[in-house]
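# Descriptive analysis of the structure
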Amino acid sequence: MEKNVSSEIKRTAIRESVKLRLWGMAAGRCEICNKLLYLDSHYGDDANFAENAHIHAVGKTGPRHDSEMTQDEINCVENLMLLCSEHHHLIDTKPENYSSSFLIEQKLAHEERVRRLTEIQDGNSCKMVTFFSNIDNAEIFSSNSILKRAVVKANMYPKQDDPIELHSGMVTKYRPSKDLMQEKARDLEEQIKLYFGNIVKKEDIVAIFALAPQPLLFKLGSLLCDQLNVRVFQCHREGDKWTWPDDCLTVNFQTFQSKSASDTNIAMVIDLSAKIVDERVENVLGENCSIYHLTIPEPNRGFVKSIEIQDDFIHSFRALMEKIKNDNPKAQRIHLFPAMPASLAIRAGMDIMPKVDLPVVVYDQLAQQNSFEETIMIGG
């Protein structure tokens, strides 16, 4: 009589040591949907809802069975997934949709995420803070899962489930004007006073996610200042919105003076996202002005791919601030005309030192016409 190998394997129980290892590798969560498997989601009762699912089935007629696998191989941790009952049933009743390669990929990705998260030390926990003002579809950029993925990829983990929303209670879509921009800046200052010091402590790492008109981003940076441990994230046009890509690109920041006509009427143009010609500055300040630029060879909106690029920008920004002050000892303020990625506007605001630097008047293109208008002043 032929020996039924599949039956023998089926009668062999999975070793407790293998079950415990699998539970630990999966962190007690479904390796497909990430559902917590030791707590009832409705009543909150403790229980074990986990099921040990085989990628390659035990029985010959089972889903994804591999006849070349031995008994030990079928019941080893590499061939097992910790699943909720729903997904265990799904992968076994529709094996044509859930191949072994797909399930192995899911298993490895989940277990790698668990390993990565649990390796993060407590000193790298952070408070997530968002500020979204005057943008469409803010919910696309503020998804908790997207923000958390960005934080984890940056080797941190969030202390709270939901981010602190500095725009909470504000109208997030409006037609900007100088008066309204100044009002929004005051509202932002009140929000910072409300949250920072009470909920966000000085010793906390703060992960900032922000999209807003550039004057408000400068204002946000100045309120955070450079004395807090702040990590500013950049929203990307491709891939995960806020996750730093793996690219290791460098950027050549350039500073130069394009016009010298006054030692008191001084403009700084930061044209990184798009080129700003001097004529647009002269239309605001008059022809009797001196103009300095901080730019890159080909201005564009997508070049901020790493924190190192942010740091390089700040180095150039700081050098230009010092140069303007030293070149123009009679100047009382700097007129700033920005076209730059959001994270760099925040970082620049953080770098402005009110007791050392000249006050900075931030301009913005508020109307549809191709002109700048004065909005708020940082420092002074």
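Residues numbered from 1 in each chain as written. Predicted model: local features only at pLDDT ≥ 70, side-chain atom pairs only at ≥ 80, totals over all residues. Heavy atoms only, no water.

## Considerations on the overall build of the protein chain
Here is the rule we go by: Helix and strand definitions follow DSSP, with helices as H or I runs of at least four residues and strands as E runs of at least two, each counted in order from the N terminus. Radius of gyration: over C-alpha atoms. The globule rule applied is 2.2 Å multiplied by the number of residues raised to the 0.38 power. With a 1.4 Å probe rolled over the protein chains alone, any residue whose accessible area is under 20% of its type maximum counts as buried; one over 50% counts as exposed, and the rest are partly exposed. In what follows, a contact means two residues having at least one pair of non-hydrogen atoms within 4.5 Å. All tallies of charge rest on Lys and Arg as positive and Asp and Glu as negative; His and the ends of each chain are not included. Lys charges are placed at NZ, Arg charges at CZ, Asp charges at CG and Glu charges at CD.
On a plain count of helices and strands, the protein chain comes out with 12 helices and 13 strands. For the protein chain, whose C-alpha radius of gyration is 28 Å, the value lies well above the compact-globule estimate of 21 Å for 380 residues. In the protein chain, which comprises 380 residues, the share counted as buried stands at 47%. Put simply, 76% of the contacts in the protein chain that link residues at least 6 apart link residues at least 24 apart. Placing the 44 positive and 55 negative side-chain charges of the protein chain at their respective mean positions leaves the two points 2 Å apart.

## Examining the confidence of the model for the protein chain
Operational definition: Every residue carries a pLDDT, the predictor's confidence in it, which falls somewhere between 0 and 100.
When pLDDT is averaged across the protein chain, the result is 90; 95% of the residues are at 70 or more. In the predicted structure, residues 1-8 sits below a pLDDT of 50 and forms seven contacts with residues beyond four places in sequence or in another chain.

## Let's talk about the environment of R64
Our working rule: Polar contact criterion, stated in full: a pair of N or O atoms within 3.5 Å, where within protein one must be able to donate a hydrogen and the other to accept it, and residues adjacent in sequence count only if both atoms are side-chain atoms.
Here R64 shows up in the loop between β1 (51-54) and α3 (71-74). In this structure the C-alpha to C-alpha distance between R64 and D92, which are 28 residues apart in sequence, comes to 8.7 Å. Among the polar contacts listed, one links the side chain of R64 to the backbone oxygen of I91, at a separation of 2.9 Å.

## Here's the deal with the side chain of R280
For the record, the criterion: When a carboxyl oxygen of Asp or Glu is within 4 Å of a side-chain nitrogen of Lys or Arg, the pair counts as a salt bridge.
Topologically, R280 is positioned in helix α10 (residues 278-285). With no salt bridge to any partner, buried R280 finds its closest opposite charge in D364, at an N-O distance of 8.2 Å. A distance of 2.6 Å separates the side chain of R280 from the side chain of Q365, its partner in a polar contact. Once residues lying within four places of it in the same chain are set aside, the contact partners of R280 are Q365, N370, S371 and F372.

## Some remarks on helix α4 (residues 85-93)
Quick reminder: α-helices carry 3.6 residues per turn. Residues three or four places apart thus point the same way. So the rule is basically this: In this context, the arc is that of the directions from the helix axis out to the C-beta atoms.
Inspection of α4 places H87, H88 and I91 among the buried residues, and these make up the whole buried set. Across the axial projection of α4, the buried residues extend over an arc of 105°, all falling on one side. Facing away from the buried side of α4 by more than 90 degrees, the exposed set consists of E86 and H89. Where α4 is buried, its residues contact β1, β2 (80-83) and α5 (100-119).

## Looking at the sheet that holds strand β9 (residues 266-271)
The line we're drawing: We call two strands paired when DSSP finds no fewer than two bridges between them. Interaxial angle, 0 to 180 degrees, is taken between N-to-C directions of lines fitted to C-alpha atoms, where a helix line uses only the stretch in contact.
The strand order across the open sheet formed by six strands is β8-β10-β9-β11-β12-β13, and the pairing between neighbours is mixed. Two strands close off the open sheet at either side, each with one partner strand: β8 (254-259) and β13 (373-378). Here the average twist between neighbouring strands, direction ignored, is 25°. Two elements, strand β12 (residues 360-364) and β13, share five bridges in a ladder whose sense is antiparallel.

## Things to note about the packing of aromatic side chains
Counted only if it meets this: Any two rings among Phe, Tyr and Trp, with Trp reduced to its six-membered ring, count as a pair given centres within 6.5 Å; such a pair is stacked if its planes are under 30 degrees apart, edge-to-face if over 60, and tilted if neither.
All told, the structure shown has 11 aromatic pairs when counted by the stated rule. Measuring from centroid to centroid gives 6.5 Å for W23 and Y38, while their planes differ by 45°, and the two rings are tilted. Residue W23 is found in helix α2 (residues 16-26), and its partner Y38 is found in the loop between α2 and β1; the two are separated by 15 residues along the sequence. We classify Y38 as partly exposed; its relative accessible area is 40%. The interplanar angle of 90° and the centroid separation of 5.3 Å between the aromatic rings of F337 and F372 together place this pair among those described as edge-to-face. Of this pair, F337 sits in strand β11 (residues 334-339) while F372 is found in the loop between β12 and β13, placing the two residues 35 residues apart along the sequence.

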